[in-house]
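Topology and contacts: notes
Each chain, letter by letter, is given below.
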Amino acid sequence: MVIDVLDRDELAFPHSLPEFQRLFPDEAACAAYLERARWREGFVCPHCAVADEPRYISTRRSVLRCRHCRRDTSLTAGTVMERTHTPLSVWFWAAYLVASQTPGISAVQFQRQLGLSRYETAFQILHKLRAGMVRPDQDKIGSKPDEIVEADETWIGGRTRGKGRGVHDMVLVACAVEVRQRKRTSSLNKRKIGRYAGRVRLSVVPDRSAKSLVGFIERTVATGATIITDDWSSYATLGKRGYRHTAVAERGDMEVAETFLPIIHLVFSNLKTWLRGIHHGVSPQHLQAYLDEFTFRFNRRFYPFNAFRSLLGIAGDVTAQTYAELYSEKSQNTTSSGWV
Ligand SMILES: [Zn+2]
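Computed from a predicted structure; not experimentally measured. (Residues numbered from 1 in each chain as written. Predicted model: local features only at pLDDT ≥ 70, side-chain atom pairs only at ≥ 80, totals over all residues.)

1. A closer look at the overall build of the protein
- In terms of helices and strands, the protein carries 11 helices and 8 strands.
- In the protein, once contacts between residues fewer than 6 apart in sequence are set aside, the share between residues at least 24 apart is 63%. (Helix = DSSP H or I, 4+ residues; strand = E, 2+ residues; numbered from the N terminus. Contact = placed C-beta atoms within 7 Å.)

2. Section: the nonpolar core
- By size, the foremost hydrophobic cluster in this structure holds 38 residues, and its most contacted members are V149, C175, A176, V177, I217, I227 and V267.
- Within the residue set of this core, elements represented by two or more residues are β4 (148-156), β5 (171-181), β6 (195-205), α6 (210-220), β7 (226-230), α8 (262-277) and α9 (287-299).
- Here this core takes 7 residues from α8, the largest share from any one element.
- Contact partners of V149, with chain neighbours within four places excluded, come to I141, G142, A176, V177, E178, V179, V221, A225, T226 and I227.
- If you look at the next biggest cluster of nonpolar residues, it comprises 27 residues, including L34, A122, I125 and F308. (Core = buried A, V, L, I, M, F, W, Y, C linked by C-beta atoms within 7 Å. Buried ≥ 20, exposed ≤ 12 C-beta atoms within 10 Å, placed from the backbone.)

3. Points about the packing of helix α2 (residues 27-38) against helix α3 (residues 88-100)
- At a closest axis distance of 8 Å, the pairing of α2 and α3 adopts a crossing angle of 70 degrees. One finds that α2 runs roughly perpendicular with respect to α3. Of the two possible hands of crossing, α2 and α3 adopt the one that is left-handed. Side by side, α2 and α3 meet where E27, C30 and A31 of the first sit next to L88, S89 and F92 of the second.
- Looking at the contact of α2 with α3 residue by residue, the classes come out as 4 nonpolar, 1 polar and 1 charged. (Axes fitted to C-alpha atoms, helices over the stretch in contact; angles between N-to-C directions. Parallel < 35°, antiparallel > 145°, perpendicular 65-115°, else oblique. Left-handed = near helix turned anticlockwise from the far one by under 90°. Nonpolar A, V, L, I, M, F, W, Y, C, P; charged D, E, K, R; others polar.)

4. Brief notes about the environment of R118
- Within the secondary structure layout, R118 lies in the loop between α4 (107-114) and α5 (119-134).
- C-alpha separation for the pair R118 and V108, spaced 10 residues apart in sequence, amounts to 10.0 Å.

5. Some details on the sheet that holds strand β1 (residues 55-57)
- In spatial order, the strands read β1-β2-β3; together these 3 strands make up an open sheet with antiparallel pairing. Of all strands in the sheet, those with a lone pairing partner are β1 and β3 (72-74), marking the two edges. Between one strand axis and the next, the sheet turns by 40 degrees as a mean value, whatever way the strands run.
- Pairing between strand β2 (residues 60-65) and β3: 3 bridges, direction antiparallel. (Pairing = 2+ DSSP bridges.)

6. A closer look at the pairing of β7
- Burial analysis of β7 places 4 of its 5 residues in the buried class, which makes it a mostly covered element.
- In the sheet, β4 pairs with β7 via 3 bridges, with the strands oriented parallel. By the bridge assignment for β7, E150 is matched with I228.
- Relative to strand β8 (residues 244-248), β7 runs parallel, the two being bridged by 5 bridges. Bridged to T229 within β8 is A247.

7. Considering unusual backbone geometry
- A positive phi angle, near 65 degrees, is found at A49, a position not held by glycine.
- Residue placement: A49 occurs in the loop between α2 and β1.
- C-beta crowding within 10 Å serves as the criterion here: with 10 such atoms nearby, A49 is assigned to the exposed category.
- Positioned with a positive phi, R83 is a non-glycine residue whose angle comes to about 60 degrees.
- The topology assignment puts R83 in the loop between β3 and α3.

8. Focus: the sheet that holds β6
- As summarised here, the arrangement of the 5 strands in space is β6-β5-β4-β7-β8, forming an open sheet in which the pairing is mixed. The open sheet has two edge strands, β6 and β8, and neither has a second partner. Each strand of the sheet is rotated relative to its neighbour by a mean of 25 degrees, with strand direction disregarded.
- The sheet strands contacting α9 are β4, β5 and β6, and the helix crosses β6 at an angle near 165 degrees.

9. Description of the packing of α3 against α4
- Between α3 and α4, whose axes approach to 11 Å, the crossing angle comes to 130 degrees. On the basis of the axis angle, α3 is oblique to α4. As α3 runs across α4, the sense of the crossing is right-handed. Residue-level contacts link V90, W93, A94 and L97 of α3 to F110, Q113 and L114 of α4.
- Taken together, the residues of the contact of α3 with α4 sort by class into 6 nonpolar, 1 polar and no charged.

10. Regarding the environment of F20
- Looking at the element boundaries, F20 is found in helix α1 (residues 17-23).
- The spacing of F20 and Y96 is 76 residues in sequence and 8.4 Å in space, taken between C-alpha atoms.

11. Considerations on the environment of A151
- Among the secondary structure elements, A151 is positioned in strand β4.
- Classification of A151 by C-beta neighbours within 10 Å gives buried; the count is 27.
- For the pair A151 and L213, spaced 62 residues apart in the sequence, the C-alpha separation amounts to 9.1 Å.
- Not counting chain neighbours up to four residues away, the residues in contact with A151 comprise C175, A176, I217, I227 and T229.

12. Observations concerning the confidence of the model for the protein
- Looking at the protein, the pLDDT average stands at 78 and 78% of residues meet or exceed 70.
- Ranking the elements of the protein by mean pLDDT puts helix α11 (residues 323-327) last, at 39, and α6 first, at 96.
- Every residue in residues 1-14 is under pLDDT 50, and counting partners more than four places away or in other chains gives 22 contacts. (pLDDT = per-residue confidence, 0-100.)

As structure tokens, this is what we get:
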């Protein structure tokens, strides 16, 4: 298991694979789900505003036709599925897999599981779903009274091909994570006693200066929160910025670090394992997108069905990149490989 900070017992996820198959057996079922998600009180024609049951076109399930003005309305408009030729059921499967599989899924695995003939289709679907994670939650963490937040930074990166000796594409990543206290239960399981991770925020930062690290915290953590960091000097101004700050003298001692900043070290360890195990070559210019994906799934790990709806763009509007846009990127670091 990759994310072992997962609290499996609180993972309310009744939507098993068989239940998923019962809910979405075919195109019509997926279309009906989209219709219900958009018009809870029943279809209202956006052209003539008449509320009446629409006509269904058997060959084009994602289109509803108004009985009054006879105009068509697309069920996928404004969702991540807009204007694709891929069946709705494939999209639903993809969102389900991405939302429910803790370590995520690679395009090759996905292509195989869905029996898609083209790798590009698999890649494109996954990337469009990922676009739903590129704008992660904007609200600040640590906003509850007396909430504790751990903050730290870590280097991500590694072996580099085709560069001079000593040149590495190491990227600095800043992190803040809420520390939650488990409610005492009658459970005899010792692992259930203690702290676990709440919500996380991760960002690529240029350096270890106070401007970068404190700047990250000010963007992501609510003022007034208690923040635990190591004794790196850049964090020293947190007290003046309206936070309650505790600095732990770590001095490179991993044991001290794991005792006083245990949750954030678990997050770093899970993040690195995930990057190494699933995506074998994350290049620096894509790292923030992967951090956003990790954050999205981590913060919704107790609510995978919410993640499913967010990914499909049913819960909000998502503008996905096209395949062409993904490949027109300004890639300065194309020689790097072997991340983490
Ligand atoms: Zn109409």
